[in-house]
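Here is how the chains run, residue by residue.
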Amino acid sequence: MNRVRTLAAFLLTLALASTAQASWYDDYDAGIAAARSGNWSAVVTKMTAAIKGNPKEGDRTRTYGAIFINYHPYYYRGVGYLNSGRYQQAIDDLERTSGPGPENLGSIGELLDRAKRQLASVNVPDPEPTRPAPEPTRPVVTPPAPTAPTIDPALRERARSSLAAANRKLQAAQQRRAGSSAQYQQAANLFNDASGRIGGVKSNDDLNAIITMAENAGDLADLATAPAVPQTVPAIANTVPPPPTKPSVATEDVLDSYKPRLRRALQNYFAGEFDDASRDFEVLTRDLPTNAWIWAFLGASQYSQFAFEADESYRAAALKSFRKAKSLRRWSGGLPDKYFSRRIRRAFNEVG
């Protein structure tokens, strides 16, 4: 019982979060905008700055929080070099990239062929003085004009509905006095960003990105909890506390070896870093296999991964962890709402 009380009191003090700021993705967005307007020198400059901040391409590259983008800066810099007459640099970048990003300016094979042809024509030696030959006329190659994207009205309506649902969850978080939590601040930033984009969408991809941002904002708002209120203990005059018993001292000695790892796991959980939290709690279950709280937080982290990734394997793992937590402890009223979102508590209650 002392061990459970110690853990419960320890859990009340942990709710930290940090939001990492970056700027390479701003350069990437500016470079894509420059490509749309044909400002190739700006494309080269912005993509070079983005590569300096993050040189690794990917179809699902994380920017901040739970935001992922289709990140291929070498592709756009290669196109910028090609249209600026820097053909060898264009070939180097186009051979390195793995594909186009959100704005398709042509296939990699076609662009490479153009760059190599242009480079070969530039490197042709001058003709012999005794055998003059007319200089060949170089064809002017212009990129195909982009076709106007068709925006699905149903998708636009779904984006508006997702924003409305996220706004309701933010209001609910305010009502439960969670407005000062890190999860609420992250949710509010995502919601404001998504709301600012809805008026200037140019494609269905823009709408899908807004929907993803709104859903992530709603999930973070569900996770937002009010800060714990410290309990005051009335002073008792002329009272000397009894010395700790041997079981109490032994309990503290045993728990001291786990507290740093438990603190790190909970910090990751309350900061929304659910991948790291799942790994930390899973290690703790091997050291504390009969602790129901550890299994409950492991299941909550795994279910949050399912909410973001839509991968059924995370949901199956979460339900298994919830069953283990229920087998080790009688949860009167289910999981406490100050640590777990409504969606997680509902999933926990539905487990047999």
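Placed above this text is the structure.
On a predicted model such as this, the values are computed, not experimentally measured, just so you know.

Visitor: Go over the environment of Val283, please, and point to the residues and values.
Guide: Within the element layout of this structure, Val283 appears in helix α12 (residues 274-287). Taking the C-alpha atoms as reference points, Val283 and Ile294, separated by 11 residues in sequence, lie 9.9 Å from one another.

Visitor: Explain the side chain of Thr63 to me, using residue names and the numbers behind them.
Guide: Within the element layout of this structure, Thr63 appears in the loop between β1 (58-62) and β2 (68-71). Under the relative-accessibility criterion, Thr63 is labelled buried at 13%.

Visitor: Got a sec to walk through the pattern of salt bridges? Specific residues and values, please.
Guide: Summed over the entire model, instances satisfying the criterion amount to 13 salt bridges. Between Arg77 and Asp93 there is a salt bridge; the shortest N-O distance is 2.6 Å. Of the two residues, Arg77 sits in helix α4 (residues 73-83) while Asp93 sits in helix α5 (residues 87-96), which places them 16 residues apart along the sequence. Accessibility assignment for this pair places Arg77 and Asp93 in one class, buried. Among the ionic pairs, Arg264 bridges to Asp280, the shortest N-O distance being 3.5 Å. With Arg264 in helix α11 (residues 259-270) and Asp280 in helix α12, this pair connects stretches of sequence that are 16 residues apart. With relative accessibility at 44%, the residue Arg264 sits in the partly exposed group.

Visitor: Just give me the short version of the environment of Ile51, but keep the residues and values in it.
Guide: By the secondary structure assignment, Ile51 is in helix α3 (residues 40-53). Looking at Ile51, the relative accessible area reads 10%, which means it is buried. Linking Ile51 and His72, residues 21 residues apart in sequence, is a C-alpha distance of 9.3 Å. What Ile51 contacts, discounting residues up to four positions off in sequence, is Tyr71, Pro73, Tyr74 and Arg77.

Parameters and conventions
- Residues numbered from 1 in each chain as written.
- Predicted model: local features only at pLDDT ≥ 70, side-chain atom pairs only at ≥ 80, totals over all residues.
- Heavy atoms only, no water.
- Helix = DSSP H or I, 4+ residues; strand = E, 2+ residues; numbered from the N terminus.
- Buried < 20%, exposed > 50% of the residue type's maximum accessible area, 1.4 Å probe, protein only.
- Salt bridge = Lys/Arg side-chain N within 4 Å of Asp/Glu carboxyl O.
- Contact = heavy atoms within 4.5 Å.

Remember that the coordinates give geometry; whether it matters functionally is a separate question.
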